[in-house]
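Close look at the chain arrangement
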Amino acid sequence: MRFSKPALMGAVLGFVMGIAFLVISLLQFDEAKTNARDVAMVSILFGIPFSVLIGLGVGWAWGKLMGQNSL
């Protein structure tokens, strides 16, 4: 499977945003209801992959609308 440059850039940006959301969620979770391990596992198993998929989709759409060499 080959991805265009905008799609790969979107996936990388999604991964970076997933890591940023992981750090933010680790700083703000409610200690009375959960623990850091559960917050990190949910973020790693669901948050980061969904962020990458959303970034991949946005990058693909960018490439279709603006052209493959737009970045």
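The paragraphs below set out a description of the structure included in this document. The model shown is predicted, which means the values in this text are computed figures rather than measured ones. (Residues numbered from 1 in each chain as written. Predicted model: local features only at pLDDT ≥ 70, side-chain atom pairs only at ≥ 80, totals over all residues. Heavy atoms only, no water.)

1. A few points about the overall build of the chain
The line we're drawing: Working definition: helices are DSSP H or I runs of at least four residues, strands are E runs of at least two. Numbering for both runs from the N terminus. Computation of the radius of gyration draws on C-alpha atoms, with the globule rule given as 2.2 Å multiplied by the number of residues to the power 0.38. Burial status follows relative accessibility: with a 1.4 Å probe on protein chains alone, a residue under 20% of its type maximum counts as buried, one over 50% as exposed, and anything between as partly exposed. Between two residues, a contact is recorded if the distance between any of their heavy atoms is within 4.5 Å.
For the chain, the helix and strand inventory stands at two helices and zero strands. Relative to a compact globule of 71 residues, whose C-alpha radius of gyration would be 11 Å, the chain shows 15 Å and is clearly more extended. Dimensions of the chain, computed from the C-alpha atoms along their principal axes, are close to 50 × 20 × 15 Å. When the 71 residues of the chain are sorted by exposure, 24% land in the buried category. Sequence-distant contacts in the chain: of pairs separated by 6 or more residues, those separated by 24 or more amount to 68%.

2. Quick notes on the packing of helix α1 (residues 5-28) against helix α2 (residues 36-66)
Cut-off, in case you're wondering: Only the stretch in contact is used when fitting a helix axis, every axis being a line fitted to C-alpha atoms; angles between N-to-C directions are given from 0 to 180 degrees. Orientation categories follow fixed angle ranges, with anything under 35 degrees roughly parallel, anything over 145 roughly antiparallel, 65 to 115 roughly perpendicular, and all other angles oblique. With the far helix as reference, a near helix turned anticlockwise by less than a right angle produces a left-handed crossing, and one turned clockwise produces a right-handed crossing. Note on residue classes: Ala, Val, Leu, Ile, Met, Phe, Trp, Tyr, Cys and Pro are nonpolar, Asp, Glu, Lys and Arg are charged, and everything else, Gly too, is polar.
Contact pair α1 / α2: the axes reach a minimum separation of 7 Å and the direction vectors enclose 155 degrees. Classed by the angle they form, the pair α1 and α2 counts as roughly antiparallel. Viewed along their axes, α1 and α2 form a crossing whose handedness is right-handed. The class makeup of the residues in the contact of α1 with α2 is 17 nonpolar, nine polar and no charged.

3. Brief notes about the pattern of salt bridges
Note the threshold: Any carboxyl oxygen of Asp or Glu within 4 Å of a side-chain nitrogen of Lys or Arg constitutes a salt bridge here.
One pass over the structure, following the stated rule, counts one salt bridge. We note a salt bridge from Arg37 to Asp38, for which the minimum N-O separation is 3.9 Å.

4. Side note on a nonpolar patch on the surface
Note the threshold: Residues qualify for a patch when their relative accessible area is over 30% and they have no salt bridge, like charges being joined within 9 Å and the nonpolar side chains of Val, Leu, Ile, Met, Phe, Trp and Tyr within 5 Å. Accessible surface is estimated by sampling points in the Shrake-Rupley manner with a 1.4 Å probe; for residues, cover comes only from the protein chains shown.
Residues Met41, Val42, Ile44, Leu45, Phe46, Phe50, Leu53, Ile54 and Val58 make up a contiguous nonpolar surface patch of roughly 910 Å² in combined accessible area. By the element assignment, Met41 lies in helix α2. Note on Met41: relative accessible area 37%, which makes it partly exposed.

5. Here we look at the side chain of Ser51
For Ser51, the location among the structural elements is in helix α2. Residues within four places of Ser51 in sequence aside, it is in contact with Gly14, Gly18 and Phe21.

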